[in-house]
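Structural characterization, general
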Amino acid sequence: MKKRQMFFEMGLLLISILYGFGVISSTFPGEGIKKADIVKEATVIELEKRVQMRPEDLPEKVRNALNDKSYAGWTISDAYLVVADDGGSYYELVVRKADEQSRMKINKDGQVLN
């Protein structure tokens, strides 16, 4: 019986708290409306699209960019073709060497951009 009474009292407390928040928020309706309007009017602008690729499907020039001696020992673990909204594109590679990981941006001609 004590458990039922405890749950009942906790339920009443929770309902009272929620009701109190409702009264407070209705007292200041302008704040809630402004926040809702901002979210309602938000526009998502997609600046680029990323398409995952298998490393073996990358253009040869892009794969060969890792042949440079400064990238010796690095291997491609993930690859993406990134197409910007303006039509430009590049390849983003996630490369690994031992316990290290890095990202590279490479254009279609195999030139490292970053």
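My aim in this report is to walk through the structure given alongside it, one point at a time. Just so it is clear, the structure is predicted and the values come from calculations on it, not from any experiment.

The rules behind each value
Residues numbered from 1 in each chain as written. Predicted model: local features only at pLDDT ≥ 70, side-chain atom pairs only at ≥ 80, totals over all residues. Heavy atoms only, no water. Core = buried A, V, L, I, M, F, W, Y, C linked by side-chain atoms within 4.5 Å. Buried < 20%, exposed > 50% of the residue type's maximum accessible area, 1.4 Å probe, protein only. Helix = DSSP H or I, 4+ residues; strand = E, 2+ residues; numbered from the N terminus. Contact = heavy atoms within 4.5 Å. Salt bridge = Lys/Arg side-chain N within 4 Å of Asp/Glu carboxyl O. Polar contact = N/O pair within 3.5 Å; in protein donor to acceptor, adjacent residues only side chain to side chain.

Moving on to the nonpolar core. Side chains of nonpolar character tend, in soluble globular proteins, to be buried together. One finds Leu 58, Val 62, Ala 65, Leu 66, Trp 74, Ile 76, Ala 79, Tyr 91, Leu 93, Val 95, Met 104 and Ile 106 forming the largest nonpolar core, which totals twelve residues. Elements with a minimum of two residues in this core: β2 (75–84), β3 (89–97) and β4 (100–106). In terms of residue count, the dominant contributor to this core is β3 (three residues). Apart from residues lying up to four places away in sequence, Met 104 is in contact with Leu 66, Tyr 71, Tyr 91, Glu 92, Leu 93, Val 95, Val 112 and Asn 114.

On to the pattern of salt bridges, then. Enumeration over the complete set of coordinates arrives at four salt bridges. The partner of Asp 57 in a salt bridge is Arg 54, and the shortest N-O contact between them spans 3.0 Å. Between Arg 103 and Glu 92 there is a salt bridge whose closest N-O contact spans 2.8 Å. In this pair, Arg 103 sits in strand β4 while Glu 92 sits in strand β3, placing the two residues eleven residues apart along the sequence. Within the structure, one salt-bridge network assembled from shared partners comprises Arg 50, Glu 92 and Arg 103.

Let us now look at unusual backbone geometry. Of note, Ala 98 is a non-glycine position whose phi angle comes to about 55°, a positive value. Mapped onto the elements, Ala 98 comes out in the loop between β3 and β4. The exposure class assigned to Ala 98 is exposed, which follows from its relative accessible area of 80%.

As for its placement among the helices and strands, Asn 107 is situated in the segment after β4. Residue Asn 107 is classed as buried on the basis of its relative accessible area, which comes to 15%. In terms of polar contacts, Asn 107 uses its side chain to reach the backbone amide nitrogen of Gln 111, at 2.9 Å. Contacts of Asn 107, omitting those with residues within four sequence positions, involve Val 62, Tyr 91 and Leu 113.

In short, geometric facts, not functional conclusions.
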